[in-house]
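Next come the chains, spelled out residue by residue.
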Amino acid sequence: MTTIQLPRISYPFPSRINQFAAEAQQHVTDWAQHYGLVRSERAIARFNRGRFASLAARAFPDAPFFELCVIADFNTWLFMLDDQCDEADAGKTTDYLRSITSGFMDILRFNQYVTSATAAPLAASLGNIWERMRSISTPGWRLRFIRSMEDYFSSCIWEAENRERGIVPAVADYIKMRPYTGGLYADIVAIDIIEKIYLPDDLLQHALLKRLMLACNNIVCWSNDLFSCDKELKQGDVHNLVVTLQHANHLTLQEAVDEAARMHNEEVAIFAALEKLVPLSGTEKDYELLRYVSVLRSWITGNLEWSIYDTGRYGLAVNEAAVV
């Protein structure tokens, strides 16, 4: 068995957590059981170790309770789908994934809520999330969110196709797709309705802000790859930055870990540099823009602290050697 040394990770950003974190965790537990996402005692115990609401509470520290519960449920839903794609045989069957994700898109596009007690849990629970999101959003925001989910589902199918064909993706292809496979762009779109930050479209499309979003996404996803590489290697899943680097460059596992950590740290430096250059206008819009960037920072630190201290998902002990 190969032993690897995880890198020391640190961020020059503050650590925050929502005041409703504990209440949101209880809500998520009740919600997941109500929709049948977890049923057996073993599944419930595993779910509770995940502490998914804690991630949302760290990422959205100023969200009101209702909004925090919405985004905590959404991220829980993503984790449940991710497990089905990564760990179950269904995730290796492209046709099956196309079928279920097409149904999910119908829920989002046509508001086809599934309320039957016999409905598939993922469909019924997504319908509930979407109903609440619709109640606090505008038509324009819904279109942006739907596009982000379409990209996410397409990336899940890309992964399934690779599994079916036994393909280890090239590093460049993996880096291109990773921002979508993590589902984080949907969470970034959700900043509007969860933290009540409404930036104009021209600012959201600004090249610098888009690169900040990408850096945030890369940092969160690549640190996740570092923390989960042992778990995914045991499952035989190749969709991990460490694994693709090892395969493409004929590296040892430790060398691949070190290279992934170098790339991660480079993105941290890019984010830290770019946030000092955000296009301030000297108007009241600046406050909203700075709040928006602060949520991106919260995602970065929140994901690290959740991964190390809160969740049992990656089998990590609280390890001071891995975080400073």
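Nothing here was measured: the structure is a model prediction, and the numbers come from that model.

What counts, and at which threshold
- Residues numbered from 1 in each chain as written.
- Predicted model: local features only at pLDDT ≥ 70, side-chain atom pairs only at ≥ 80, totals over all residues.
- Heavy atoms only, no water.
- Helix = DSSP H or I, 4+ residues; strand = E, 2+ residues; numbered from the N terminus.
- Rg over C-alpha atoms; globule rule 2.2 N^0.38 Å.
- Buried < 20%, exposed > 50% of the residue type's maximum accessible area, 1.4 Å probe, protein only.
- Contact = heavy atoms within 4.5 Å.
- Areas by Shrake-Rupley, 256 points an atom, 1.4 Å probe, with all protein chains shown as cover.
- Salt bridge = Lys/Arg side-chain N within 4 Å of Asp/Glu carboxyl O.
- Polar contact = N/O pair within 3.5 Å; in protein donor to acceptor, adjacent residues only side chain to side chain.
- Core = buried A, V, L, I, M, F, W, Y, C linked by side-chain atoms within 4.5 Å.
- Phe/Tyr/Trp six-rings, centres within 6.5 Å; stacked < 30°, edge-to-face > 60°.
- Axes fitted to C-alpha atoms, helices over the stretch in contact; angles between N-to-C directions.
- Parallel < 35°, antiparallel > 145°, perpendicular 65-115°, else oblique.
- Left-handed = near helix turned anticlockwise from the far one by under 90°.
- Nonpolar A, V, L, I, M, F, W, Y, C, P; charged D, E, K, R; others polar.
- pLDDT = per-residue confidence, 0-100.

### What about the overall build of the chain?
Within the chain, the regular secondary structure consists of 15 helices and 0 strands. In summary, the chain has a C-alpha radius of gyration of 19 Å against a globular reference of 20 Å for 324 residues, a match within 12%. Projecting the C-alpha coordinates of the chain onto the three principal axes gives extents of approximately 55 × 50 × 35 Å. A total of 324 residues make up the chain; the buried ones form 56% of that total. The contacts of the chain with a sequence gap of at least 6 include a subset with a gap of at least 24, amounting to 75%. Accessible surface computed for the chain: about 14300 Å², of which carbon and sulfur atoms make up 53%.

### Focus on the side chain of Thr244
As for its placement among the helices and strands, Thr244 is situated in helix 13 (residues 241–249). With residues near it in sequence (within four places) discarded, Thr244 still touches Val168, Pro169, Val171, Tyr174 and Val238.

### Digging into the environment of Asn249
Mapped onto the fold, Asn249 is located in helix 13. Using a relative accessible area of 41% as the deciding quantity, one classes Asn249 as partly exposed. For the pair formed by Asn249 and Val171, sequence separation is 78 residues and the distance between their alpha carbons is 9.3 Å.

### Here we look at the pattern of salt bridges
For the structure on display, the rule yields 18 salt bridges. Residue Arg144 is joined to Asp192 by a salt bridge in which the shortest nitrogen-to-oxygen separation is 2.9 Å. One end of the pair, Arg144, is in helix 7 (residues 139–165); the other, Asp192, is in helix 10 (residues 191–195), and 48 residues separate them in sequence. When its relative accessible area of 5% is taken as the criterion, Asp192 is described as buried.

### Side note on the environment of Ala207
Looking at the element boundaries, Ala207 is found in helix 12 (residues 207–235). The class for Ala207 is exposed, based on a relative accessible area of 60%. Between the alpha carbons of Ala207 and Thr244 there is a distance of 28 Å; along the sequence they are 37 residues apart.

### Observations concerning unusual backbone geometry
Positive phi is not limited to glycine here, since Arg51 has a value of about 50°. Among the residues examined, Arg51 registers a relative accessible area of 34% and is labelled partly exposed. If you check the backbone angles, His250 has positive phi at about 55° while not being a glycine. One can find His250 in the loop between helix 13 and helix 14 (253–274).

### Quick notes on the side chain of Asp73
Positionally, Asp73 belongs in helix 4 (residues 65–86). Of note is the side chain of Asp73, whose polar atom sits 2.7 Å from the side chain of His27.

### Focus on helix 3 (residues 52–59)
In terms of residue burial, helix 3 counts as a mostly covered element, since 8 of its 8 residues are buried. Along helix 3, the positions that sit buried rather than exposed are Phe52, Ala53, Ser54, Leu55, Ala56, Ala57, Arg58 and Ala59.

### With respect to the nonpolar core
Ranked by internal contacts, the top residues of the largest apolar core, which has 106 residues, are Trp77, Met149, Phe271 and Tyr292. Ranked by the residues each element gives to this core, the list is headed by helix 12, at 13 residues.

### What to know about the packing of aromatic side chains
In total, this model carries 18 aromatic pairs according to the counting rule given. Taken together, a centroid distance of 6.4 Å and an interplanar angle of 20° make the contact between Tyr11 and Phe13 stacked. Among the residues examined, Tyr11 registers a relative accessible area of 13% and is labelled buried. Summarising the aromatic geometry, the rings of Trp141 and Phe145 are spaced 5.0 Å apart at their centres and angled 20° between planes, so their arrangement reads as stacked. Note that Trp141 and Phe145 are positioned in helix 7 at a spacing of 4 residues, about one turn of the helix. Accessibility classification places Trp141 together with Phe145 in one group, the buried group. An aromatic cluster of at least three residues, connected via ring pairs, comprises Phe47, Phe52, Phe79 and Trp306.

### A short note on the packing of helix 3 against helix 15 (residues 285–310)
In contact at an axis separation of 7 Å, helix 3 and helix 15 are set at 150° when each is read in the N-to-C sense. Accordingly, the angle class assigned to the pair helix 3 and helix 15 is roughly antiparallel. Relative to helix 15, the crossing made by helix 3 is right-handed. Residue-level contacts link Phe52, Ser54, Leu55, Arg58 and Ala59 of helix 3 to Val295, Ser298, Trp299, Gly302, Asn303, Glu305, Trp306 and Asp310 of helix 15. The residue inventory of the contact of helix 3 with helix 15, partitioned by class, reads 6 nonpolar, 4 polar and 3 charged.

### Looking at the confidence of the model for the chain
Predicted confidence across the chain gives a mean pLDDT of 90, with 92% of residues reaching 70 or more. Across the chain, the secondary-structure element scoring lowest on mean pLDDT is helix 2 (residues 41–50), at 90, and the one scoring highest is helix 10, at 98. Segment residues 317–324 is flagged for pLDDT under 50; beyond a separation of four residues in sequence, or across chains, it makes 19 contacts in the model.

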